[in-house]
Amino acid sequence: MTLLSARDLAIHNRLHPTALDVQAGELVALIGPNGGGKTSLLRALARIEGASGVVAVDGEDIDEAPMARRRQLLSFLPASRDVTWPISARDVIRLGLDRDDEKRIEEMVSLFELGRLADRPVNQLSTGERARVLAARALVGNPKLLLLDEPLSNLDPYWVLHFLEIFEAAAEAGHMVLAALHDLSQLDRFSRALLIADGRIQMDETPAKLVASERFEEIFRISSANGRWAIRKPADPRSLP
Ligand SMILES: Nc1ncnc2c1ncn2[C@@H]1O[C@H](COP(=O)(O)OP(=O)(O)OP(=O)(O)O)[C@@H](O)[C@H]1O
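Treat the numbers as computed from the prediction; the structure is a model and nothing was measured.

This brings us to the site of the ligand. Contacts to the ligand come from Arg-14, Pro-33, Asn-34, Gly-35, Gly-36, Gly-37, Lys-38, Thr-39, Ser-40, Glu-150 and His-182. At 2.6 Å, a side-chain N or O of Ser-40 approaches an oxygen atom of the ligand. One nitrogen or oxygen atom from the side chain of His-182 is found 2.9 Å from an oxygen atom belonging to the ligand. Out of a free accessible area of 640 Å², the ligand has 53% covered by protein chains. Across the shell around the ligand, the residue classes tally to one nonpolar, seven polar and three charged.

Here it is, written out as structure tokens:
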């Protein structure tokens, strides 16, 4: 079942007109070189900035949905872990809800193992601890579409795996996850991968097919040799005819 349908999404000079359909239960990785357009696409889908086009989640046009409804349809986790407000972690999580629901907040505190940290000012937590609090805020409203910008950055190995399990559980429950990633070692945990460069989706494949392709190596300017990635050397101009 198509739960996300985006048409003609565009940001002047940054994102070419883009169409995207995502099915319920899909776990989609968004990869691409620096400046390729991952954040621009996520922000356009989240309707955070002036992007043209239409985004519908579960048949509802996001631009027409009241704010409370929007939070049930989608949430956006920004790449920045900076939070300058001196408010408690628990209250940051609460910002993801439009009505008080202590039981749900406690579920998130428990899922992200925040018990000891929940009442501390969030600006006094470590970067990885804050990443957990911000992810909890993105998930607390149980939205159908999770738009996550580099959710695995700043996490230790246990938390990378724990976050992946949380995303998999959300997908299994019929939600959709679209996550921008730089660390390609976790790509095989995703069901689908989009490669974006020059503000355009260049490939839309299974992770295995995408990584094995010549186009992937061209765009990232790397190549695989003996099981390791290496920088692709530019062609020697003296060898050209
Ligand atoms: N607010 C802005 N105004 C103008 N141009 C911007 C703005 N934000 C980003 N850009 C440009 O848009 C392009 C895409 O940026 P974007 O942040 O979407 O890339 P990205 O794939 O998320 O990159 P990274 O991997 O470095 O985080 C880049 O060329 C960038 O310089």
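Let us keep going from here.
This part is about the packing of aromatic side chains. Tallied over the entire structure, the rule returns six aromatic pairs. Between the aromatic rings of Tyr-158 and Trp-159, the centroid separation amounts to 5.2 Å while the plane-to-plane angle is 85 degrees, which identifies the pairing as edge-to-face. One aromatic cluster is present, built from ring pairs that chain together Phe-112, Tyr-158, Trp-159, Phe-163 and Phe-167.

A separate point is the environment of Leu-145. Relative to the helices and strands, Leu-145 resides in strand 7 (residues 145–149). As for Leu-145 and Leu-77, which are separated by 68 residues in sequence, their C-alpha atoms are 11 Å apart. Ignoring anything within four residues of it in the chain, the contact list for Leu-145 reads Leu-4, Val-57, Leu-73, Leu-74, Ser-75 and Met-176.

As a further point, take the UniProt feature "domain: ABC transporter" (unreviewed entry) in the protein chain. When the UniProt feature table is mapped to this numbering, "domain: ABC transporter" (unreviewed entry) covers residues 4–223. Within the segment residues 4–223, helix and strand shares are 34% and 26% respectively, and the terminal C-alpha atoms sit 33 Å apart.

A word on the pairing of strand 3 (residues 27–31). Across the five residues that make up strand 3, a large majority, five, are buried. Residues of strand 3 alternate between two faces, with Leu-27, Ala-29 and Ile-31 on one and Val-28 and Leu-30 on the opposite face, all of them buried. Direction of pairing for strand 3 relative to strand 8 (residues 176–180): parallel, over a ladder of four bridges. The residue of strand 8 that forms the bridge with Ala-29 is Ala-179. Pairing analysis gives four bridges linking strand 3 to strand 9 (residues 192–197), with the strands arranged parallel. Its bridge partner being in strand 9, Leu-30 is matched across the sheet by Leu-194.

Right, let's get into the sheet that holds strand 10 (residues 200–205). Spatially, the six strands line up as an open sheet ordered 6-7-8-3-9-10, and their pairing is mixed. Two strands bound the open sheet, and with one partner strand each, they are strand 6 (74–77) and strand 10. Strand-to-strand, the axes of this sheet are offset by a mean angle of 15 degrees, without reference to chain direction. Relative to strand 7, helix 1 (residues 38–46) is tilted by about 150 degrees, and along the sheet it contacts strand 3, strand 6, strand 7, strand 8, strand 9 and strand 10. Across the sheet, helix 6 (residues 157–172) lies against strand 3, strand 7 and strand 8, angled at about 130 degrees from strand 3, the strand it touches most.

So, how was this worked out
Residues numbered from 1 in each chain as written. Predicted model: local features only at pLDDT ≥ 70, side-chain atom pairs only at ≥ 80, totals over all residues. Heavy atoms only, no water. Near = heavy atom within 4 Å. Polar contact = N/O pair within 3.5 Å; in protein donor to acceptor, adjacent residues only side chain to side chain. Areas by Shrake-Rupley, 256 points an atom, 1.4 Å probe, with all protein chains shown as cover. Nonpolar A, V, L, I, M, F, W, Y, C, P; charged D, E, K, R; others polar. Phe/Tyr/Trp six-rings, centres within 6.5 Å; stacked < 30°, edge-to-face > 60°. Helix = DSSP H or I, 4+ residues; strand = E, 2+ residues; numbered from the N terminus. Contact = heavy atoms within 4.5 Å. UniProt positions renumbered as here; feature names shortened; annotations may be inferred. Buried < 20%, exposed > 50% of the residue type's maximum accessible area, 1.4 Å probe, protein only. Pairing = 2+ DSSP bridges. Axes fitted to C-alpha atoms, helices over the stretch in contact; angles between N-to-C directions.

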